[in-house]
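Summary of the model geometry
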Amino acid sequence: MRLGWTKNKNSTTYRALKTIRVNGINQTIVIKSFGSDKFICETYGVSDAKAWAKEQVRLMNEAELEDSPSFSITLSSAADLPLHEQRLFNGGYLFLQVIYHQLGLDKICAAIRTRHDFDYNLNSILSRLLYTRILFPSSKRSSYIDSLRLIEQPDFELHQIYRALSVLASESDYIQSRLFKNSMKLARRRTEVIYYDCTNFYFEIEEAEDDKQYGACKENRPLPIIEMGLFMDRDGIPLAFCMNPGNQNEQLSMIPLERTLMEKFDMSRFIVCTDAGLSSNTNRYFNDYDKPDGMRAFITTQSVKKLKKHLKQWALSPEGWKLSGSDGHTTYHLDELDEQTDLEKMYYKSRWIKEKVEVVLDGKRQKVDLEQHLIVTYSIKYRNYLRSIRDGQIKRAMKAVESGGNAVEKKRQNDPKRFIKANHATADGEVADKTIYYIDEEAIAKEEQFDGFYAVCTNLEDQPEAIIKINKRRWEIEESFRIMKSEFQARPVYLKRRERIIAHFITCFLALILYRYLEKKLDNRYSCEQIISTLQEMDFVRYEGKGYQPVYTRTELTDALHEAFGFCTSKQIVPIKKMKKICADTKRQNK
C-alpha cells in the first residue's frame, strides 16, 4: 500500500491506495480514505496531516505483514455491479480438501497419469467431483458449473470430465487398494472386523441393458437396477465396493470382493459381519477358515422363524436365559420378568450346533460339515417396539379391508396386507358372488410369538455379549448407503455407458470416505445433515484487492471445524494473501 492524495483549492484529501491486477490489467483501488487535511488535524490533534497519513499507511503495511490488516469498503447505491463479475464463493470444501490430500488422492491421480495418455488435470477433476458430490450433488454437467462456485477455480473443461470418467473406471481397483494403504498411514484401520452389505440403485431408463437389469428393488420401483456391495471397517469407514447386475443374487457378491481384499489389500485375518440376507451356507463356510497364514470368521444374523423345529423350540422356550452383563451363572424365566424394571435389560442363551450343509465353491457343489455358535437374545423393549410397528400395520390392514382389500394377493414381508385374508367361497363351499376380506388373527398370533427375539450365528468361541456388541454396529453400513442415496443423491442414475456408471460410483464411494473422516475429525458430535448444510453455507464475498468476507453464520460447528483443521476463516474479512495461504496449506499432507 502507498499514500495517495487529491488536492483542490481549499484542501487535500489523503487515502491508502493499492495496485492490484484484475483480468491482466493493473488497477488502483482505495483501501481506506483518511479524510481531508483539516479533518485529520482537528480529529486526531496533529499539525501535519500528511505525515500522520503516511504513518497510518506504514502501520497498515505492517499489519498486513502480520496477517491482521484492516479494510474500509466503500459502497455506492449509484454504482452498478460489474458485468459478469462473480463475487460469491464457497469455502466449505477446504475442509474436505485437507482430507483429500492427507489420503494421497492427488498422488494416486499422478500415478494413474503415468499409465494413460491424456492432457487434462485428473487430480483437479477428481477432487471437484468429490467436493461437489458432497456439497452440491447433481449431474456431471452441474458438478462442473458448481465447481466454479469454489474459491479455487477449475482448470478443466466439461468435456474433459467425461473423458476422465473412463480413466477412473479402468483404475477402480487400483484406486481402492492404493487408497486403503494410504489411509493406513493417516490412522490405523481397524479391519479385525469388517461389515458387508448390499443395496441397489435404479436407473431412469425404459429397458434393461448390460448390468442394468430388473431385480428385487427394495423400494419396489419397476425400473432396472444395479447392485452395489460395500465392505466397511470397524470404525465405519468404507474399505471396498463392487458393482453387479441388478438381477444377480446378492449372496454371490461377497466372496469375490473378499478375495479382492485378501489379494490386493493384503488382508488375511478378519471377521465378516453380515445380515441374514447375505448369510448363505456358502458364505459362512468360506469364512470358516483358520490357518497359520490367515484366519477368517463370520458373524451373521439368523432368522428365528427359519430355524429348524427343535432349535426354534429351544430359542422360544422361556427357560434358561442369562442376563447380559451379569456373571452368567444365574438363569431367568421370561414369564417372570417385570415389564418395568426389566424393560431395558437384555437376556441371552446360546448353544453350538453342527450340521452337514450344501455349499457351492469355485463352481462345485458339495456337502460339508459346518459348526456354528447360535446366540439368541430377548428384550422387552425390542418386543414392545415390534408390537408397536405391527399395531400400525394392522390398522392400515383394517382400512384396506374396509375399502375392499384391494390387491391383497401381493404380500411383501412387511406389507400390512399380509394380515388380510380373502374368502372366495360361501359357508356351503360354493363360489361366492363377492370375495370377503377379513383380518387374519392367526397370522398375527403367529408373528407375535417371535416378538423380542433376535438371533445371530458365528463360528467364534467368544462370549455371546462380545458377539452381540460387534453385530450391533451393522447400522453404520446401512447409514452409509442412506447417505449416498439421500445426501449425495447417487440415484437415480442417468449415465448409460458401463465405465461411466462405475466412475459415478467410485466418486460416490470416495466422497463417502472423505465425509466419514471429516465426521471423525469432529468426534462424531454432529449429524450428517448439520455438517453438510454448514459446509454448503460457508460462502464468502470477494472484494478485489482486499479479501474475502464471510457471509455465513458462525456457530459451534464452524468453530469445531476450524479447531479440528487448524485454520480459521471466521474473521470479519480474510485477506487475499491469507486465503491463498489457507488454500495452499489444505493441500499439504501431514508428514
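Preceding block: the structure.
The paragraphs below set out a description of the structure included in this document. (Residues numbered from 1 in each chain as written. Predicted model: local features only at pLDDT ≥ 70, side-chain atom pairs only at ≥ 80, totals over all residues. Heavy atoms only, no water.)

1. Looking at the pairing of strand β12 (residues 346-361)
- In terms of strand pairing, strand β11 (residues 322-323) meets β12 through 2 bridges, oriented antiparallel. For Lys 322, the partnering residue across the bridge sits in β12 and is Tyr 348.
- Note that β12 and strand β13 (residues 364-379) share 16 bridges and pair antiparallel. Residue pairing across strands places Arg 351 opposite Leu 374, the latter belonging to β13.
- What sits between the antiparallel neighbours β12 and β13 is a turn of 2 residues, in which Asp 362 has the positive phi angle 55°. (Pairing = 2+ DSSP bridges. Helix = DSSP H or I, 4+ residues; strand = E, 2+ residues; numbered from the N terminus.)

2. Focus on helix α17 (residues 528-537)
- For α17, the complete set of buried residues consists of Cys 528, Ile 531, Ile 532, Thr 534 and Leu 535. For α17, the buried positions fall inside an angular range of 160° around the axis, keeping them on one side.
- Lining the buried residues of α17 we find β4 (88-90), α3 (93-102), α5 (122-135), α15 (475-485), α16 (498-521) and α18 (556-565). (Buried < 20%, exposed > 50% of the residue type's maximum accessible area, 1.4 Å probe, protein only. Arc of directions from axis to C-beta. Contact = heavy atoms within 4.5 Å.)

3. Topic: the packing of helix α6 (residues 140-147) against helix α7 (residues 158-170)
- Between α6 and α7, the least distance of the axes is 10 Å, while the angle of their chain directions is 125°. In this view, α6 runs oblique relative to α7, as classed from their interaxial angle. Note on packing geometry: the crossing formed by α6 with α7 is right-handed. Side by side, α6 and α7 meet where Lys 140, Arg 141 and Tyr 144 of the first sit next to Leu 158, Ile 161, Tyr 162 and Leu 165 of the second.
- In the contact of α6 with α7, the residues fall into 5 nonpolar, no polar and 2 charged. (Axes fitted to C-alpha atoms, helices over the stretch in contact; angles between N-to-C directions. Parallel < 35°, antiparallel > 145°, perpendicular 65-115°, else oblique. Left-handed = near helix turned anticlockwise from the far one by under 90°. Nonpolar A, V, L, I, M, F, W, Y, C, P; charged D, E, K, R; others polar.)

4. Here's the deal with a negative patch on the surface
- On the surface, Asp 288, Asp 290, Glu 371, Glu 461 and Asp 462 cluster together to form a negatively charged patch.
- With respect to the helices and strands, the residue Asp 462 is situated in the loop between β16 (453-458) and α14 (464-471). (Patch = residues over 30% accessible without salt bridge, like charges linked within 9 Å, V, L, I, M, F, W, Y side chains within 5 Å. Areas by Shrake-Rupley, 256 points an atom, 1.4 Å probe, with all protein chains shown as cover. Salt bridge = Lys/Arg side-chain N within 4 Å of Asp/Glu carboxyl O. Lys, Arg positive; Asp, Glu negative; His and termini not counted. Charge placed at Lys NZ, Arg CZ, Asp CG, Glu CD.)

5. What to know about the packing of aromatic side chains
- Across all of its chains, the model carries 20 aromatic pairs by this definition.
- On the numbers, 6.4 Å between centres and 55° between planes, the contact of Trp 5 with Tyr 14 is tilted.
- Accessibility expressed as a relative area gives 8% for Tyr 14, which makes it buried.
- Centre to centre, the rings of Trp 321 and Phe 453 are 5.8 Å apart; their planes meet at 50°, and the pair counts as tilted. (Phe/Tyr/Trp six-rings, centres within 6.5 Å; stacked < 30°, edge-to-face > 60°.)

6. Re unusual backbone geometry
- Although it is not a glycine, His 84 sits at a positive phi angle of roughly 65°.
- Relative to the helices and strands, His 84 resides in the loop between α2 (49-65) and β4.
- A residue is classified by how much of its surface remains accessible, and His 84, at 77% relative accessible area, is exposed.
- In the Ramachandran plot, Gln 489 falls in the positive-phi region, its phi being about 50° despite a non-glycine side chain.

Remember that the coordinates give geometry; whether it matters functionally is a separate question.
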